[in-house]
Amino acid sequence: MLLPTAWFRGSPAWMRTIWREVAAFGIVGAFAFVVETASFNLLAFGPPGAGLLRATPVTASAIATLLAMLVSWVGNRHWTFRNRKGPIAAGEVAWFIGVNLIGLAITAAPVYAAHHLFGLSTALSDNVARLAGWAVATVVRFRVYRGRVFTPHRAEPSEVHALSRRRTGAGRDDRAWAGCLALMAAFCGYVVSTVFHPGFLTADSVEQLLQAQGTRPVTDWHPPVMALLWRILIHTTGALSALAALQAALLWGALWLLAVSVWKRTGSRPLSLLMLGIGLAPHIANFTGVVWKDVHMAYALLAVCALALFARELPTGHGRARCAVLTLGLLFMAYAILVRKNGFPAVLPLLPMLVIALWPRPGRRRWLIAAASLLAFSIVGGVAVSSATDPLAVRQYAQIPLDDVTHVLTPQEVRSAAEQAGATSSFANHLGVTAENCRRKRILWDAYFTCYPHNRGYRDKIGPHFTSREADVLVKMWLQQMPHQASGYLKYRARTFARLLFEGNLRYVSGTFPGTPKNVRVDPSLDAVMRSYVTGFAHDLSWLFQAWFWLAVALVLTLRRRWPGPWSREVRLLGLSSVLYIACYLPTAPQANYRYVYWPALAGTFALTLIAAGAVTRRRSLGTTEHHEAAPDWVAVDGSPPPSASPGASPAAKWPVKREATTSTVEGAQPPATLQHGDDAGC
């Protein structure tokens, strides 16, 4: 401790307090500097040998800075400003993070000015500029710490009022906590994007990348809208990683909006953090950076759900804001339909979720407007994308009848059926060979890629494709043969669907796909970390990556009539969306990949989180109600007994004050707004 000199003892109390705080602030800052420097060198350079994050020094620096900020916060809170310490508040955390970010900018500003304004680039000028910036930043940090971050704690005058504030979230700084959630979501999104940078690619992703770059013509085997979006992002940013970064931003932006909505409804920080934690779950994070149409569809639908929950928190009125939310949600739905052909059934339950969240009693006119707008956005969007990309028709739909006829019929029956349908002798022979190969190799599905006798390099020019005549023959074969082979067809599709449900695979996609272009390289160490994280959970909790589990969850969510909490309708609609989406794979499943149930997994996780939040909120509200019922209805001014105990007393004299009802709704601080007639003018 500092030695109390005579001058120090004789100085005013406020000066002694500031001197002690300044000295402690300096010591804590020096210790944080040592922690930052040591942790950065340990992560980047060893010991011994290469550090864990040697290939990504920016990530190592970011982690070291976060550790230093944590040390600074703990030291200043519990030592420098210990006399001001109170309960941790969202405003305290937000101010602390904000002033540290401002301090970084202040420190860097003189160096920037020295280089770009004064043309100084020597080591001496850089150090002098950095020292000047550091001095100003230190003064700013100390001033804000003392005045805004670590402020004296003031107790609530009433325990009942404090209980109500704690239950409802009233009096809290919503904007500060929403800002904290935004910073956490941005940080998580940055970390995930860094791990997957520049985006993990599969065979489908490589096809679309080549189409986006113009190396290969755009086809409709994969969604042209993704190729067009990727092309625009590449031309705008010049980076191939832009699409992977965009889908990660969409996920974490939607989770942030969900977390804020839960916070406004419940007033609970842990529940809002739980909503953010969905993005870090192993069965969700495994595909966050994989450029896939399944991932894009899932994140677009999650964005619709986020807008629906946000719409429930809008105050009465705000007609234009409601129209804007509806339009944005319909655009996300249309994108989900365009990016995944079988996404339409999954979109249907989300349309009423969004409309009813905006208008609890929408009426026939709004229903017609919403449905017609969704249909118009989908059709107009498809026409616009086709006009911009001019995709080649490769008739991917022919995969389905090819699988059916080659697995239900014998090879000889396949050849004769092909000739009956008007196939050429060459194509009929190819179909017979396909059936033979599948039987010999015991391959259940995906016959076009695994059993069909392709010519070498068939994917080099335009990728996988069927000619118009081949597709027509396959469809005609299916229509002629399957009605007579109903038993065999049902057995075959039951086998494929059972394989999809109970033998799911592809739980993790490596970033080192053999067909990845040379200019797309991922960090192998980060790839190994993510692989260990996902596969470890897949080994211990394999049901998280199986379709049967998420189908069972979806059925339970849909069939139960009422769920606790304020989100019962949303939970049931999420379950229905998942059931419809999985049911689409009953006649069409080409593989047992986990990506085919990625949206049901995301929707089920989100719904279970809402159920947990609703149950906690209901328990809290019941506890608050019991507390209010136990409290007396009247408060005496002078502490005398109630009027019934003293008949002669004057109630007006003895009992002039009535206790204000400290209500706490079941659903949180802001009950759902009831829309009045005319509040949504213009929509």
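The rules we used
- Residues numbered from 1 in each chain as written.
- Predicted model: local features only at pLDDT ≥ 70, side-chain atom pairs only at ≥ 80, totals over all residues.
- Heavy atoms only, no water.
- Salt bridge = Lys/Arg side-chain N within 4 Å of Asp/Glu carboxyl O.
- Helix = DSSP H or I, 4+ residues; strand = E, 2+ residues; numbered from the N terminus.
- Buried < 20%, exposed > 50% of the residue type's maximum accessible area, 1.4 Å probe, protein only.
- Axes fitted to C-alpha atoms, helices over the stretch in contact; angles between N-to-C directions.
- Parallel < 35°, antiparallel > 145°, perpendicular 65-115°, else oblique.
- Left-handed = near helix turned anticlockwise from the far one by under 90°.
- Contact = heavy atoms within 4.5 Å.
- Nonpolar A, V, L, I, M, F, W, Y, C, P; charged D, E, K, R; others polar.
- Patch = residues over 30% accessible without salt bridge, like charges linked within 9 Å, V, L, I, M, F, W, Y side chains within 5 Å.
- Areas by Shrake-Rupley, 256 points an atom, 1.4 Å probe, with all protein chains shown as cover.
- Disulfide = S-S within 2.5 Å.
- Core = buried A, V, L, I, M, F, W, Y, C linked by side-chain atoms within 4.5 Å.
- Polar contact = N/O pair within 3.5 Å; in protein donor to acceptor, adjacent residues only side chain to side chain.
- 1 Å grid on protein atoms, 1.4 Å probe; cavity = no way out; pocket = protein on both sides within 12 Å on 5 of 7 lines; lining within 4 Å.
- Points joined across faces, edges and corners; volume = space filled by probe spheres on them.
- Expected span 1.5 Å × (residues − 1).
- Phe/Tyr/Trp six-rings, centres within 6.5 Å; stacked < 30°, edge-to-face > 60°.
- pLDDT = per-residue confidence, 0-100.

Can you lay out the pattern of salt bridges for me, pointing to particular residues and giving the numbers?
Summed over the entire model, instances satisfying the criterion amount to ten salt bridges. Where D294 meets R340, a salt bridge forms, and the shortest distance between an N and an O atom there is 3.6 Å. In this pair, D294 sits in helix 13 (residues 293-312) while R340 sits in the loop between helix 14 (319-339) and helix 15 (344-347), placing the two residues 46 residues apart along the sequence. Overall, the relative accessible area of 10% leaves R340 in the buried class. A salt bridge links E570 to R569; the shortest N-O distance between them is 3.5 Å. On the basis of relative accessible area, R569 is assigned to the partly exposed category, the value being 33%. What you see here is one network of salt bridges that share partners, running through D204, D294, R340 and R595.

Can you break down the packing of helix 10 (residues 242-266) against helix 13 residue by residue, with the values?
Between helix 10 and helix 13, whose axes approach to 9 Å, the crossing angle comes to 25°. Between helix 10 and helix 13, the angle falls in the class roughly parallel. For the pair helix 10 and helix 13, the sense of crossing is left-handed. Contact with helix 10, carried on its side by L243, Q247, L250, L251, A254, L255, L257, L258, S261 and R265, involves V295, H296, Y299, A300, L302, A303, C305, A306, L307, L309, F310 and R312 of helix 13 and no other residues of that element. Residue composition of the contact of helix 10 with helix 13, grouped by class: 17 nonpolar, three polar and two charged.

Tell me what's going on with a nonpolar patch on the surface, and back it up with residues and numbers.
A contiguous nonpolar patch, built from L66, F187, Y190 and V191 and spanning about 330 Å² of accessible area, is present on the exposed surface. Take the nonpolar patch: its biggest share by element is three residues, from helix 7 (residues 174-196). For F187, the location among the structural elements is in helix 7.

Could you give me a rundown of the state of the cysteines, with the residues and numbers involved?
All told, the structure shown has one disulfide when counted by the stated rule. Each sulfur in the disulfide pair C438 and C451 lies 2.3 Å from the other. Residues C438 and C451 share a disulfide whose torsion about the S-S bond is about 120°; that sign makes it right-handed. Taken together, the residues span a long stretch of sequence, with C438 in helix 20 (residues 425-441) and C451 in the loop between helix 21 (447-450) and helix 22 (468-481) at a distance of 13 residues. Here C438 and C451 have matching classes, each one buried.

An account of the nonpolar core is needed here, citing residue identities and associated values.
Membership of the largest hydrophobic core comes to 153 residues, with the highest contact counts inside it found for M477, L574, W599 and F606. Broken down by element, this core gets its largest block of residues, 15 residues, from helix 13. Ignoring any residue separated from it by four or fewer positions in sequence, one finds W599 in contact with M297, A298, L301, L302, C305, A346, L350, L574, S577, S578 and Y581. The next biggest cluster of nonpolar side chains, apart from the first, holds eleven residues, and it includes M69, V99, F142 and V144.

With reference to specific residues and values, describe the side chain of N76.
Its place among the elements puts N76 in helix 3 (residues 57-80). At a separation of 2.9 Å, a polar atom in the side chain of N76 contacts the main-chain carbonyl oxygen of S72.

Describe in detail empty space enclosed by the protein, supporting the description with residues and values.
In the structure shown here, the tally under the stated rule is two cavities of 30 Å³ or more. Approximately 30 Å³ is the volume found for the second largest cavity. Together, D204, Q208, H222, V291, W292, K293 and R595 line the second largest cavity. Each residue belonging to the lining of the second largest cavity can be placed in one class, and the counts come to two nonpolar, two polar and three charged.

How would you summarise the environment of L610 if you had to cite specific residues and measurements?
Secondary-structure assignment places L610 in helix 27 (residues 598-630). Along the primary structure L610 and L274 are separated by 336 residues, whereas in three dimensions their C-alpha atoms are 9.7 Å apart. Beyond its immediate stretch of four places on either side in the chain, L610 contacts V262, M275, L309, W567, E570, V571 and L574.

Tell me about unusual backbone geometry, and please be specific about residues and values.
With omega at 0°, the peptide bond leading from H197 into P198 counts as cis. Position of P198 among the secondary structure elements: in the loop between helix 7 and helix 8 (203-213). A positive phi angle, close to 55°, is found at H318, a residue other than glycine. The residue H318 is located in the loop between helix 13 and helix 14 in this model. For H318, a relative accessible area of 44% translates into the label partly exposed. Phi at R395 takes a positive value of approximately 60°, unusual for a residue other than glycine. Tracing the sequence through the fold places R395 in the loop between helix 17 (363-389) and helix 18 (399-408).

A description of helix 10 should follow, citing residues and the corresponding values.
Between its first and last C-alpha atoms helix 10 spans 36 Å; for 25 residues at 1.5 Å apiece the expected length is 36 Å, and the two agree. With 18 of its 25 residues buried, helix 10 lies for the most part within the structure. Within two residues after helix 10, G267 carries a phi angle of roughly 70°, on the positive side.

Just give me the short version of the packing of aromatic side chains, but keep the residues and values in it.
All told, the structure shown has 25 aromatic pairs when counted by the stated rule. When the centroid spacing of 5.7 Å and the interplanar angle of 75° are considered together, the rings of F25 and Y145 count as edge-to-face. With F25 in helix 2 (residues 13-45) and Y145 in helix 5 (residues 123-149), this pair connects stretches of sequence that are 120 residues apart. We note that F25, like Y145, is buried. Ring centres of Y448 and F449 lie 5.1 Å apart, and the angle between their planes is 85°; on these two criteria the pair is classed as edge-to-face.

A description of the packing of helix 23 (residues 486-502) against helix 25 (residues 547-559) should follow, citing residues and the corresponding values.
Here helix 23 crosses helix 25 at 90°, and the two axes come no closer than 5 Å. Judged on the interaxial angle alone, helix 25 and helix 23 are roughly perpendicular. Where helix 23 approaches helix 25, its residues L500, L501 and F502 are matched on the opposing element by A547, W548 and L551. Among the residues forming the contact of helix 23 with helix 25, the class breakdown is six nonpolar, no polar and no charged.

How would you summarise the environment of A370 if you had to cite specific residues and measurements?
In this fold, A370 is placed in helix 17. Once the C-alpha coordinates of A370 and L351 are considered, the two residues, 19 residues apart in sequence, prove to be 7.8 Å apart. Setting aside its immediate chain neighbours within four residues, A370 contacts L326, L330, L351 and V355.

Explain the confidence of the model for the protein chain to me, using residue names and the numbers behind them.
Taken over all residues, the pLDDT of the protein chain has a mean of 82, while the share at 70 or more is 80%. This model gives residues 1-5 a pLDDT under 50, and the stretch forms three contacts once residues within four places in sequence are excluded. Every residue in residues 631-681 is under pLDDT 50, and counting partners more than four places away or in other chains gives 77 contacts.

So what's going on with the environment of M482? Residues and values would help.
Following the sequence through the fold, M482 ends up in the loop between helix 22 and helix 23. Sequence spacing of M482 and V405 is 77 residues, and the spatial spacing of their C-alpha atoms is 7.7 Å.

How would you summarise the side chain of R493 if you had to cite specific residues and measurements?
Within the secondary structure, R493 is located in helix 23. Look at R493 and you get buried, because its relative accessible area is 3%. Each residue touching R493, except ones within four places of it in the same chain, is listed here: I400, D403, D404, L586, P587, T588 and A589.

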